[in-house]
Amino acid sequence: MVSKFMIEPEYDVTVVTVRDIFQSMYAGDKFGADYQNHSAVIIFDESDMRKMSMADGGRVKVKSSGCEVVLTARKSEDAHPGIAFMPNSIYANALIEGADDTGIPEYKQIGVTVSRTTNELTGVRQLVELQKNVELHV
Amino acid sequence: MDANNVARVTCPACACLCRDVDLEFDDRGDIVHTYNACRKGAAFFMGSYRENRALPKIEGKPVSIDDAVKSTVEILSNAKNPVIFGLDTSSLETQVLGVGLARKLNAAIDDTSSLCQGLVLERIIPGSMKTCTLDDVRDYSDVMVYWGSDPANSHPRHMSKFSYFPRGKKRQKGWETDRMPICIDVRKSNTAGVCKKFYKIEPKGDEGLINDLLLSLDGKIGGKEIGGKGIDGKEFAKLTNILKKAEHCTIFSGLGLVYSLKNSIKLFDALIEKLNEYAPTHVIPMVGHYNMRGMTQTLYDASGYINKVRFSDGEVDHGSQYSITSTLQGKEADAALIIGADPVSSIPLKTSISLAGIPTITIDAHETPTTMISRVVIPAAITGIEAGGEALRMDGVKHELSAPRENKEVLSDAELLKRILEGV
């Protein structure tokens, strides 16, 4: 149980983006619950989850210098300590800072910090609105 | 299955462009069943194309398509530095019109390839990297390397139709004994799970593995722990031998490889060149969008470059400064036309959101995060189901797309671009 009065410890993890056939089935409606539930996901190594006291299906706050999102934590069937996987979507792109001189963003080595949370999953519309407001007020 | 209500179509759900998908219709003309389609294709035909359709809007308010097109013409005509992005899910005809519009507007034009398979396609299309067709793979390949690619998730019928399971002219014994599928990846993907060999490398371990392979092919190293943590020396030696002794090897380069190498892509050139000293080795990039290969070919035919182009009074300029990410990061564009793409979802949000600060027009079949921040939204028919045309499969083979469910309420993106071209 995550208490709202406690500061949850943060852990450093490297995120690698991957493809997910189930997510791509719902790509026609990027605001729909199915697409969001298959995109707002981060897959951890089992030993990392134990270390962070995270439950399969629990909520995690994932932060980078780019943004902060709330995702569902999932347990991996494979061992990859220190590395987490995310389907490529607006959520992964919210965490990436930008592109280097090749024009290609850093999709395969995104440095993030994660912590447990009880907050609701970040919605796609919410994510766009937040960033849009920042952009329009710069 | 009632044969009278069945149509055979080409599936536009990915760049495999499967041509054996059958759709069964009821008496009202609705699709009630798909045959031969994968999970992605079936989801597309059975419903996802109908959901969440875009409506014509200006600044969030409903308008007629005519008014949306008129506003588009005004914005683009008044822009000094417009950018056109997308066209990877459009027909070849539409792509030609899009490139023509960029030329007429003196605009920059780019597509998703600039942030994914462009580095490989700019070698394949001019012919500087050896490639082959998926039909060649089915008939001749005995060694297939899925390197940083996971077709089980990205191109679900790739392995069953072309690259692993089918029997081909010279591969009559099929997958059991005639083929050696190898997966190189940072995780045990679903594809790795069915391959006969899996080499797990660390993130960004591709460069180290290529360097080791180059040395190993020349007989300069072997036996010890190489290629990054986890690859045993004996297994690595086996990999070198399999690649050297292949009769017809094809490497399916995925985003894992491309994103890992980036500026070191010349190492991959060197590896393919070196492998070809021993065995015929080909590369096919695992292109995602169904006609990205077509867009890169169309722009190459028109400008000599596959992406990141700027037209200026008939002249062509090219460089990473014209990639969509650089253009938006530098805040240089003063108007944007997005066609069949969703950059707000597919490139870093901090970069793409600057589209909200300029007049952005989006032509798309669906409401997306990009239409959410667009000043003008114009709905379009979906090519491959509501509009026909032609597209290039990931290996460059041309296929016809049909329109089994014509939608008279929306125009095709080709028709919309023709109207915009007439107006600007």
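Residues numbered from 1 in each chain as written. Chains lettered and ligands numbered in written order. Predicted model: local features only at pLDDT ≥ 70, side-chain atom pairs only at ≥ 80, totals over all residues. Heavy atoms only, no water.

All names here are of chain B. At N36, a residue that is not glycine, the phi angle is positive and equals roughly 75°. In this structure, N36 sits in the loop between β3 (31-35) and α1 (39-48). Here N36 falls in the partly exposed class, since its relative accessible area comes to 40%. Unlike most non-glycine residues, L87 shows phi in positive territory, near 75°. Looking at L87, the relative accessible area reads 0%, which means it is buried. (Helix = DSSP H or I, 4+ residues; strand = E, 2+ residues; numbered from the N terminus. Buried < 20%, exposed > 50% of the residue type's maximum accessible area, 1.4 Å probe, protein only.)

Attention now moves to the interface of chain A and chain B. Contact with chain A, which involves 46 residues of that partner, is made by 51 residues of chain B. For the pair chain A and chain B, the two sides together bury roughly 4,200 Å², of which 62% comes from carbon and sulfur. In this structure, K204(B) and E106(A) form a salt bridge, with 3.1 Å as the shortest nitrogen-oxygen distance. Between chain A and chain B we count 20 residue pairs in polar contact (both at pLDDT 80 or more) in total. Sorting the residues of the side of chain A that touches chain B by element identifies β1 (11-18), α1 (21-25), β5 (83-87), α4 (90-95) and α5 (124-136) of chain A as the ones contributing at least two each. The greatest single-element share of the side of chain A that touches chain B, amounting to nine residues, is contributed by α5(A). Residue classes in the side of chain A that touches chain B are distributed as 20 nonpolar, twelve polar and 14 charged. (Contact = heavy atoms within 4.5 Å. Buried area = accessible area lost by both parts, 1.4 Å probe. Salt bridge = Lys/Arg side-chain N within 4 Å of Asp/Glu carboxyl O. Polar contact = N/O pair within 3.5 Å; in protein donor to acceptor, adjacent residues only side chain to side chain. Nonpolar A, V, L, I, M, F, W, Y, C, P; charged D, E, K, R; others polar.)

The next thing to look at is the sheet that holds strand β15 (residues 335-339) of chain B. Residue and element names in this part refer to chain B. With mixed pairing, nine strands are arranged side by side in an open sheet as β5-β4-β17-β16-β15-β6-β7-β13-β14. Every other strand in the sheet has two partners, leaving β5 (61-62) and β14 (315-318) as the edge strands with one partner each. As defined by bridge partners, strand β6 (residues 82-86) adjoins β15 across five bridges and the pair is classed as parallel. Bridge pairing in β15 links G86 to I339. (Pairing = 2+ DSSP bridges.)

Two side chains of opposite charge can pair, provided their charged atoms sit close to one another. Residue and element names in this part refer to chain B. The full count for this structure, using the stated rule, is 37 salt bridges over all chains. The partner of R53 in a salt bridge is E386, with the nearest N and O atoms 2.8 Å apart. Here the residue R53 occupies a position in the loop between α1 and β4 (57-58), and E386 occupies one in the loop between β17 (376-379) and β18 (389-392), the gap between them amounting to 333 residues. One salt bridge in this structure joins K398 and E390, with 3.8 Å as the shortest N-O distance. On the accessibility criterion, E390 (31% relative accessible area) is partly exposed. Connected via shared salt-bridge partners are D135, R138, D139, K169, R393 and D395.

So, on to the nonpolar core. I42(A), F44(A), W147(B) and F268(B) are the most contacted members of the largest nonpolar core, which has 131 residues in total. No other element matches the six residues that helix α13 (residues 265-275) of chain B contributes to this core. Among residues more than four places away in sequence, those in contact with I42(A) are V15(A), V60(A), V62(A), L71(A), T72(A), A73(A), R74(A), A84(A), F85(A), M86(A) and V114(A). Among the nonpolar cores identified, the runner-up in size contains 33 residues, and V69(B), L337(B), A414(B) and L417(B) belong to it. (Core = buried A, V, L, I, M, F, W, Y, C linked by side-chain atoms within 4.5 Å.)

Looking at the secondary structure, you find S352(B) in helix α17 (residues 349-352). S352(B) sits in the buried class, given a relative accessible area of 0%.

Further remarks concern the packing of aromatic side chains. With the rule as written, the count across this model stands at seven aromatic pairs over all chains. Ring geometry for Y164(B) against W175(B): centres 6.1 Å apart, planes inclined by 85°, an arrangement best described as edge-to-face. With Y164(B) in the loop between α7 (158-163) and α8 (174-177) and W175(B) in helix α8, this pair connects stretches of sequence that are eleven residues apart. Under the relative-accessibility criterion, W175(B) is labelled partly exposed at 36%. Over the ring of F31(A) we find R125(A), and its NZ or CZ is 4.0 Å from the ring centre. Seen from the ring of F85(A), R187(B) lies directly overhead, with NZ or CZ sitting 5.8 Å from the centre. (Phe/Tyr/Trp six-rings, centres within 6.5 Å; stacked < 30°, edge-to-face > 60°. Lys NZ or Arg CZ within 6 Å of the ring centre and 35° of its normal.)

What follows covers the confidence of the model for chain B. Across chain B, the average pLDDT comes to 94, with 97% of residues at 70 or higher. Interface predicted TM-score (ipTM) for the complex: 0.92; the corresponding pTM is 0.94. (pLDDT = per-residue confidence, 0-100.)

Let us now look at the sheet that holds β3(B). Residue and element names in this part refer to chain B. Taken in spatial order, the three strands make up an open sheet running β1-β2-β3, and their pairing is antiparallel. This sheet does not close on itself; its edge strands, each paired only once, are β1 (6-9) and β3. The average angle at which neighbouring strand axes cross in this sheet is 25°, direction not considered. Across the sheet, α1 lies against β1, β2 (21-25) and β3, angled at about 170° from β3, the strand it touches most. (Axes fitted to C-alpha atoms, helices over the stretch in contact; angles between N-to-C directions.)

With that out of the way, let us pick up the packing of helix α10 (residues 206-217) of chain B against α13(B). Residues and elements named next belong to chain B. Viewed as axis vectors pointing N to C, α10 and α13 meet at an angle of 30°, and their least axial separation amounts to 10 Å. It follows that α10 is roughly parallel to α13 by the angle criterion. As α10 packs across α13, the resulting crossing turns out to be left-handed. Here E207, I210, N211, L213, L214 and L217 of α10 lie close against α13, whose contacting residues are L267, F268, A270, L271, K274 and L275. Residue composition of the contact of α10 with α13, grouped by class: nine nonpolar, one polar and two charged. (Parallel < 35°, antiparallel > 145°, perpendicular 65-115°, else oblique. Left-handed = near helix turned anticlockwise from the far one by under 90°.)

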